[in-house]
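Structure at a glance
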Amino acid sequence: MRQLLRRASRTLSTSTKPRLAALRETLARDAAPKPPPPTTPEDARSFFVETRGCQMNVSDSEVVRTLLYEDGLREADSAATADIVLLN
């Protein structure tokens, strides 16, 4: 019985090592500092979000809008003048 438990614990400990290493790499990559946003608003890439559908789509569009602002993008007045157009 003890041998079976030892073998099982070795199998578990060795099988999780690659997953833990991959998780650590992902966390390190996500925690890396982002490049600073452009110094002037004119240099920033622009986006336009058009929302159709239910109120959940409106909520999702607000989340995307916030993430894009945080990455240094600015909101364009229309889809024709935007660098990125999102239809949600």
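**Quick notes on helix H2 (residues 55-70)**
Taking 1.5 Å of rise per residue, the 16 residues of H2 would be expected to cover 22 Å, and the 23 Å separating its terminal C-alpha atoms lies within 8% of that figure. Looking only at H2, the buried set comprises Asn57, Ser61, Arg65 and Leu68. Projected down its long axis, H2 carries its buried residues within an arc of 80°, all on one side. Exposed side of H2, more than 90 degrees from the buried face: Gln55 and Glu70 are the residues found there. Taken together, the buried residues of H2 touch strand E1 (46-50), strand E2 (74-75) and strand E3 (84-87). Downstream of H2 by one or two residues, Gly72 has phi in the positive range, about 95°.

**Focus: the environment of Val85**
Among the structural elements, Val85 can be located in strand E3. When the C-alpha positions of Val85 and Glu50 are compared, they lie 7.8 Å apart, and in sequence the two are 35 residues distant. Discounting residues that sit within four places of it in the chain, Val85 has contacts with Phe48 and Ala79.

**Quick notes on the environment of Phe48**
Inspection of the secondary structure assignment puts Phe48 in strand E1. Residue class for Phe48 comes out buried when judged on its relative accessible area of 18%. Other than its neighbours up to four places away in sequence, Phe48 contacts Ala76, Asp77, Ser78, Ala79, Ala82, Ile84, Val85 and Leu86.

About the criteria used
- Residues numbered from 1 in each chain as written.
- Predicted model: local features only at pLDDT ≥ 70, side-chain atom pairs only at ≥ 80, totals over all residues.
- Heavy atoms only, no water.
- Helix = DSSP H or I, 4+ residues; strand = E, 2+ residues; numbered from the N terminus.
- Expected span 1.5 Å × (residues − 1).
- Buried < 20%, exposed > 50% of the residue type's maximum accessible area, 1.4 Å probe, protein only.
- Arc of directions from axis to C-beta.
- Contact = heavy atoms within 4.5 Å.

As far as function goes, none of this settles anything; it's purely spatial.
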